[in-house]
Amino acid sequence: LWRAEAVDPLPAWVEDAPFADMVLMIAASARGAILIGPGRQAVERLIERLAPQYALDPALVKQIVAAESAFRTDARSPKNAQGLMQLIPATAARFGVTNPWDAEQNLRGGMAYLSWLLGHFRGDVRLALAGYNAGEGAVARHGGLPPYTETRNYVAGIISRYGKTEHPYTVIAR
């Protein structure tokens, strides 16, 4: 018998192991261990493959996924945001996501939304991140970065790790 324990963050030896792309995250439950999704390196490779399709810098998407879900496909917020990019059901539907727990669908939906936000806010990463966190309506109502502590911390944290405040953009109708 073996026992599964939650480990967060994963030890460096797991992250850096040559087989890490095959490591699947598991969670302990009363009935044993359950599969919850691909390991971080597999998700990062998926981001690197998909991001160019949405004209996005993979480094920005990775920072958002890290902040939103810590690369966990099973993440769910108290506000019912779901999956890697923490899509609320209305946003998931808006961008064609039918299964928010599917890593690729969730990433595609989140990247489509981020790409739309960058176009809407003319490449301003701060405003796009604020829109991603609080909704584009909140950014519009406040004429910029909303005064919410959570949103301000979210934007500041990602900007500090990403290091850029501007991103190339295309205006997309949605």
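Residues numbered from 1 in each chain as written. Predicted model: local features only at pLDDT ≥ 70, side-chain atom pairs only at ≥ 80, totals over all residues. Heavy atoms only, no water.

Help me understand unusual backbone geometry, please; the structure alone is not making it clear to me.
Leaving glycine aside, a negative phi is the common case for residues, and trans is the common case for peptide bonds. With a phi close to 65°, F71 is a non-glycine residue in the positive phi region. Here F71 shows up in the loop between α3 (58–69) and α4 (89–94). The exposure class assigned to F71 is buried, which follows from its relative accessible area of 1%. The backbone of N80 sits at a positive phi, close to 70°, despite the residue not being glycine. For N80, the location among the structural elements is in the loop between α3 and α4. Classification of N80 by relative accessible area gives partly exposed; the value is 27%. (Helix = DSSP H or I, 4+ residues; strand = E, 2+ residues; numbered from the N terminus. Buried < 20%, exposed > 50% of the residue type's maximum accessible area, 1.4 Å probe, protein only.)

What should I look at first to understand the packing of helix α5 (residues 103–120) against helix α6 (residues 125–134) in this one?
When two helices pack together, their arrangement is given by the angle between their axes and by how far apart the axes lie. α6 packs onto α5 with a crossing angle of 135° between their chain directions and a minimal axis gap of 9 Å. The angle between the axes of α5 and α6 places the two elements in the oblique class. Considering how the two elements wind past one another, α5 and α6 form a crossing that is right-handed. For the pair α5 and α6, the contacting residues are G110, Y113, L114, L117 and L118 in the first and V125, A128, G131 and Y132 in the second. Its residues placed into classes, the contact of α5 with α6 shows seven nonpolar, two polar and no charged. (Axes fitted to C-alpha atoms, helices over the stretch in contact; angles between N-to-C directions. Parallel < 35°, antiparallel > 145°, perpendicular 65-115°, else oblique. Left-handed = near helix turned anticlockwise from the far one by under 90°. Contact = heavy atoms within 4.5 Å. Nonpolar A, V, L, I, M, F, W, Y, C, P; charged D, E, K, R; others polar.)

What is the right way to look at the side chain of T151 in this model?
Positionally, T151 belongs in helix α8 (residues 149–162). Look at T151 and you get buried, because its relative accessible area is 2%. Aside from chain neighbours lying at most four places away, what touches T151 is A130, N133, A134 and P146.

It is not clear to me how the nonpolar core should be interpreted in this structure. Could you clarify?
Among soluble globular proteins, nonpolar side chains are generally buried collectively. Ranked by internal contacts, the top residues of the largest apolar core, which has 41 residues, are L60, V61, I64, M85, L107, M111 and L129. The greatest single-element share of this core, amounting to nine residues, is contributed by α5. Ignoring any residue separated from it by four or fewer positions in sequence, one finds M85 in contact with V61, I64, V65, E68, N106, L107, G110, M111 and Y132. (Core = buried A, V, L, I, M, F, W, Y, C linked by side-chain atoms within 4.5 Å.)

What is the right way to look at the packing of aromatic side chains in this model?
To describe a pair of aromatic rings, one takes the distance between the centres and the angle between the planes. Inspection of the entire model under this criterion finds two aromatic pairs. One aromatic cluster is present, formed by F95, Y113 and Y132 through successive ring pairs. Geometry around W116 places R94 over its ring, the cationic atom sitting 4.7 Å from the centre. (Phe/Tyr/Trp six-rings, centres within 6.5 Å; stacked < 30°, edge-to-face > 60°. Lys NZ or Arg CZ within 6 Å of the ring centre and 35° of its normal.)

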